[in-house]
Amino acid sequence: MSTKAALRHRALARRSALHPEEREARDQQIMQRLFALPDFQQAQRVLFYVSYGSEVDTHALMNRSFGGKTVLAPRVNGDELHVHELTTLDELQPGAFGIMEPIAGLREVDPVSVQVVIVPGAAFDLRGHRIGYGKGYYDRLLKGVTAIKIGLAYDRQMVEAIPDEAHDIRMDIIITNERFVDLR
């Protein structure tokens, strides 16, 4: 198993070991930190990952953002993620890998116009590196995007160092239930 694969496996196991009630409390702490961030407060267009399984929950974040922000979510199209505007979570349906994604036909948005991207990850380090799920979707999406990239994670997903590769996109900010790391 490669170093990244081993780190991913351990971080996902630690994340999945959280009891749902613990996860919910930590989600609230993360949401408070995100909503207190001036960059997030000022952003008009925010791209959220749609949480799945034991990931930091983004459904409450999106619900709270409707009405004040343009809420965007990714949809898998082949090997790429396309960005679509949502007006309600009812516009999500099971998609690739069983993850909820925007229904077909919703307005597509150029990722370059996004101001903040909320990025999922299996693990993060204090240099802003992340390990995703191994398919490279977010690295391809974020290449050339100038939006502020914010990784959300439980503190137990933080690792000492992640080996980085040329195609990896670093986070600008990492928010966990225990800390706020600004890498800009």
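Everything below is about the structure printed above this text.
Residues numbered from 1 in each chain as written. Predicted model: local features only at pLDDT ≥ 70, side-chain atom pairs only at ≥ 80, totals over all residues. Heavy atoms only, no water.

## Details of the overall build of the protein
Inference 1: When its secondary structure is counted, the protein shows 5 helices and 12 strands.
Inference 2: For 184 residues, the compact-globule formula gives about 16 Å, and the C-alpha radius of gyration of the protein, at 15 Å, lands near that figure.
Inference 3: If one aligns the C-alpha atoms of the protein with their principal axes, the spans along those axes are about 40 × 35 × 30 Å.
Inference 4: Taken across its 184 residues, the protein has 50% of its residues classed as buried.
Inference 5: By element, 49% of the accessible surface of the protein is carried by carbon and sulfur atoms, the whole surface being about 8,900 Å².
Inference 6: One way to put it: in the protein the 23 positive side-chain charges average out to a point 3 Å from where the 25 negative ones average out. (Helix = DSSP H or I, 4+ residues; strand = E, 2+ residues; numbered from the N terminus. Rg over C-alpha atoms; globule rule 2.2 N^0.38 Å. Buried < 20%, exposed > 50% of the residue type's maximum accessible area, 1.4 Å probe, protein only. Areas by Shrake-Rupley, 256 points an atom, 1.4 Å probe, with all protein chains shown as cover. Lys, Arg positive; Asp, Glu negative; His and termini not counted. Charge placed at Lys NZ, Arg CZ, Asp CG, Glu CD.)

## Quick look at the sheet that holds strand E3 (residues 80-86)
Across a sheet, paired strands are connected by hydrogen bonds in the backbone, their directions being either parallel or antiparallel.
Inference 1: Pairing is mixed in the open sheet, where 8 strands are placed in the order E6-E3-E2-E1-E7-E10-E11-E12. Edge positions in the open sheet fall to strand E6 (108-109) and strand E12 (180-182), since each of these has one partner strand only.
Inference 2: Where E3 lies against E6, 2 bridges are found, and the strand directions are antiparallel. Within E6, the residue paired with His84 across the bridge is Glu108.
Inference 3: Here helix H2 (residues 20-36) sits on the sheet and contacts strand E7 (116-119), strand E10 (148-152), strand E11 (173-175) and E12; the angle it forms with E11, its principal contact strand, is near 145°. (Pairing = 2+ DSSP bridges. Contact = heavy atoms within 4.5 Å. Axes fitted to C-alpha atoms, helices over the stretch in contact; angles between N-to-C directions.)

## Quick notes on the pairing of strand E2 (residues 70-77)
Inference 1: Inspection of the sheet shows strand E1 (residues 45-48) paired to E2 by 3 bridges, in the parallel sense. Among the inter-strand pairings, Val46 is bridged to a residue of E2, identified as Val71.
Inference 2: The handedness of the E1 to E2 crossover, carried by helix H4 (residues 59-65), is right-handed.
Inference 3: Counted along the chain from E2 to the antiparallel partner E3, the turn is 2 residues long, and its residue Gly78 has a positive phi close to 70°. (Right-handed = clockwise from strand over helix to strand, strands pointing away.)

## Details of the environment of Arg10
Inference 1: As for its placement among the helices and strands, Arg10 is situated in helix H1 (residues 3-16).
Inference 2: Along the sequence, Arg10 and Arg64 sit 54 residues apart, while their C-alpha atoms lie 32 Å from each other.

## Comments concerning the packing of aromatic side chains
Inference 1: Tallying each qualifying case throughout the model produces 3 aromatic pairs.
Inference 2: Taking 4.9 Å as the distance between ring centres and 75° as the angle between the ring planes, the aromatic pair formed by Phe35 and Phe40 counts as edge-to-face. Here Phe35 matches Phe40 in class, with each residue buried.
Inference 3: Ring centres of Phe40 and Phe48 lie 6.3 Å apart, and the angle between their planes is 75°; on these two criteria the pair is classed as edge-to-face. Phe48 shares its class with Phe40; the two are buried.
Inference 4: Positioned above the aromatic ring of Phe35 is the side chain of Arg64, whose terminal nitrogen or guanidinium carbon lies 4.0 Å from the ring centre.
Inference 5: The ring of Phe40 carries Lys69 above its face, with NZ or CZ at 4.9 Å from the centroid. (Phe/Tyr/Trp six-rings, centres within 6.5 Å; stacked < 30°, edge-to-face > 60°. Lys NZ or Arg CZ within 6 Å of the ring centre and 35° of its normal.)

## Let's talk about the pattern of salt bridges
Inference 1: Tallied over the full model, the rule gives 11 salt bridges.
Inference 2: Note that Arg26 is salt-bridged to Glu22, the shortest N-O span being 3.8 Å. Placement of the pair is Arg26 and Glu22 together in helix H2, with a separation of 4 residues, close to one helical turn.
Inference 3: A relative accessible area of 18% means that Arg26 is categorised as buried.
Inference 4: Relative accessible area serves as the criterion here: at 34%, Glu22 is assigned to the partly exposed category.
Inference 5: Close ionic contact of Asp125 with Arg127 constitutes a salt bridge, the shortest N to O distance being 3.2 Å. (Salt bridge = Lys/Arg side-chain N within 4 Å of Asp/Glu carboxyl O.)

## Let's talk about the pairing of E10
Inference 1: Most of E10 sits out of view: 5 of its 5 residues are buried.
Inference 2: When E10 meets E11, the two strands line up parallel, connected through 3 bridges. In the strand pairing of E11, Ile150 is matched with Ile173.

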